[in-house]
Amino acid sequence: MNSKANDAGAEILATPAEGDAGGLRIPRHVAIIMDGNGRWAQGRGLTRTEGHRRGMESVRTAVETSRELGVSYLTLFSFSSENWARPPLEIQFLFGLLRLFIQRDLADLHRNDVRVRVIGNRVRLAADIRALLDQAETLTCHNRGLTLVIAFNYGARDEIARAVRAIAEDVAVGRVAPDAVDEAMIAAHLDTASMPDPDLVIRTSGEMRLSNFLLWQAAYAELVFMPLFWPDFDRAAYLEAVKEYSNRARRFGGIAARRST
Ligand code: IPE
Ligand code: IPE
Ligand code: MG
């Protein structure tokens, strides 16, 4: 962690959270593109997989900090529909990490009132992974604390295509009139149905792109790009991103700045 980020953290905690005009605005939904594991490892002469392993620690920190701040939804981009282009061994390792995360952390998440939801295309996933994801969602479905959304085998274009296909089927059989297809209906057919749109999208590793993440939902999200690699993302970095968000003026096409949350 760098000292600048630490200072930002101390300053943030000194300000009253939410409600006070001069205080910190906490985003309701934070979505993170966890990028840079490979480069973090390569810079240390380690294998890319070691970077992924270390990235898991940052996941735990992000969950804890979200709970501490009172964030309601945390979405983590864990494996994209384009990540199949990676070497088979790396893909296997990433799948192994997901298994490990659910096996090791699910009980703790449940104890802490965290609800787990999964977005992405499950069709191509191995049966045991699908079962684990189902188990995590079912066990935690009544929890009312943080909702942890795992975006796994997720791609926004694939998600939108699946939604459009489902609506087209309803139209084809006459259940839905073409005129009735509106933004709300499309949103209700996305994997994120019933979740609020992300307020803040953070991407680590210095890349400034969305890489097919939440293209529909992030229409009015505030984007924060951070130079650090994902394994270096700690509590102070999270607070720094929230502070940046807190200072943004959101207008949603209007002229008067609206509160961030
Ligand atoms: C992010 O780190 C993790 C996943 C995409 C699964 P990367 O593996 O993309 O690391 P870089 O971007 O190559 O450094
Ligand atoms: C985005 O990172 C996907 C995840 C973080 C899971 P990538 O590393 O796959 O994105 P690109 O290829 O650099 O755009
Ligand atoms: Mg990357």
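Residues numbered from 1 in each chain as written. Chains lettered and ligands numbered in written order. Predicted model: local features only at pLDDT ≥ 70, side-chain atom pairs only at ≥ 80, totals over all residues. Heavy atoms only, no water.

A. Quick peek at the site of ligand 1. Around ligand 1 sit 13 residues in total, of which M34, D35, R39, R48 and R86 are the nearest. A distance of 2.9 Å separates an oxygen atom of ligand 1 from a polar side-chain atom of R48. R86 is positioned such that a nitrogen or oxygen atom in its side chain is 2.6 Å from an oxygen atom of ligand 1. For the shell around ligand 1, the elements supplying multiple residues, two or more each, are helix 2 (37–42), helix 3 (48–69) and helix 4 (88–111). The dominant element in the shell around ligand 1, judged by the number of residues it contributes, is helix 2, at three residues. Each residue belonging to the shell around ligand 1 can be placed in one class, and the counts come to two nonpolar, six polar and five charged. (Near = heavy atom within 4 Å. Polar contact = N/O pair within 3.5 Å; in protein donor to acceptor, adjacent residues only side chain to side chain. Helix = DSSP H or I, 4+ residues; strand = E, 2+ residues; numbered from the N terminus. Nonpolar A, V, L, I, M, F, W, Y, C, P; charged D, E, K, R; others polar.)

B. Representation of the packing of helix 4 against helix 5 (residues 127–140) within the structure. As a packed pair, helix 4 and helix 5 sit with axes 10 Å apart at the nearest point and diverge in direction by 20°. Looking at the two axes, helix 4 sits roughly parallel to helix 5. For the pair helix 4 and helix 5, the sense of crossing is left-handed. Residues F95, L98, R99, I102, Q103, L106 and H110 of helix 4 touch helix 5, and the partners they reach there are D128, I129, L132, L133, Q135, A136, L139 and T140. Of the residues contributing to the contact of helix 4 with helix 5, the split by class is nine nonpolar, four polar and two charged. (Axes fitted to C-alpha atoms, helices over the stretch in contact; angles between N-to-C directions. Parallel < 35°, antiparallel > 145°, perpendicular 65-115°, else oblique. Left-handed = near helix turned anticlockwise from the far one by under 90°. Contact = heavy atoms within 4.5 Å.)

C. Quick peek at the sheet that holds strand 1 (residues 29–33). Across the sheet, which stays open at both edges, the six strands sit in the order 3-4-2-1-5-6 with parallel pairing between neighbours. Of all the strands in the sheet, just strand 3 (115–119) and strand 6 (222–225) have a single pairing partner and so form its edges. For this sheet the average axis-to-axis angle between neighbouring strands, irrespective of direction, equals 20°. Across four bridges, strand 5 (residues 200–203) lies against strand 6 in parallel orientation. Considered in strand 6, the bridge of I202 is made with V224. Of the strands in this sheet, strand 1, strand 2 (73–80) and strand 4 (147–154) touch helix 3, which is tilted by about 160° from strand 2. Lying over the sheet, helix 4 contacts strand 2, strand 3 and strand 4, oriented at roughly 165° with respect to strand 4. (Pairing = 2+ DSSP bridges.)

D. Summary view of the site of ligand 2. The environment of ligand 2 is formed by I33, M34, D35, F77, S78, F79, S80, N83, R86, R203, R209 and S211. R209 has a polar side-chain atom sitting 2.8 Å from an oxygen atom of ligand 2. The contact in question runs from an oxygen atom of ligand 2 to an N or O atom on the side chain of S211, over 2.6 Å. For ligand 2, the accessible surface in isolation is 390 Å², of which the surrounding protein chains cover 78%. Sorting elements by how many residues they give to the shell around ligand 2 places strand 2 first, with four residues. Classifying every residue of the shell around ligand 2 gives four nonpolar, four polar and four charged. (Areas by Shrake-Rupley, 256 points an atom, 1.4 Å probe, with all protein chains shown as cover.)

E. The UniProt feature "active site" (unreviewed entry) in the chain, seen in detail. The UniProt record marks D35 and N83 with the feature "active site" (unreviewed entry), using the residue numbering of this structure. Over a stretch of 49 residues, the named residues converge on one spot in the fold, their C-alpha atoms separated by at most 12.1 Å. Mapping D35 onto the fold places it in the loop between strand 1 and helix 2. Residue contacts for D35: discarding those within four places in its chain leaves R203, T204, S205, E207, F229 and W230. Relative to the assigned elements, N83 resides in the loop between strand 2 and helix 4. (UniProt positions renumbered as here; feature names shortened; annotations may be inferred.)

F. Helix 3, seen in detail. Between its first and last C-alpha atoms helix 3 spans 31 Å; for 22 residues at 1.5 Å apiece the expected length is 32 Å, and the two agree. Close packing links the buried residues of helix 3 with strand 1, helix 2, strand 2, helix 4, strand 4 and helix 8 (235–246). (Expected span 1.5 Å × (residues − 1).)

G. Focus on the packing of aromatic side chains. Counted according to the given criterion, the structure contains eleven aromatic pairs. Centre to centre, the rings of F79 and F95 are 5.2 Å apart; their planes meet at 75°, and the pair counts as edge-to-face. In this pair, F79 sits in strand 2 while F95 sits in helix 4, placing the two residues 16 residues apart along the sequence. Judged by relative accessible area, which is 8%, F95 ranks as buried. Seen from their ring centres, F233 and Y238 are 5.8 Å apart, and the 45° between their planes marks the pair as tilted. Note on accessibility: F233 and Y238 belong to one class, buried. Feature note: the residues F79, W84, F95 and F152 constitute an aromatic cluster, connected by ring pairs. (Phe/Tyr/Trp six-rings, centres within 6.5 Å; stacked < 30°, edge-to-face > 60°. Buried < 20%, exposed > 50% of the residue type's maximum accessible area, 1.4 Å probe, protein only.)

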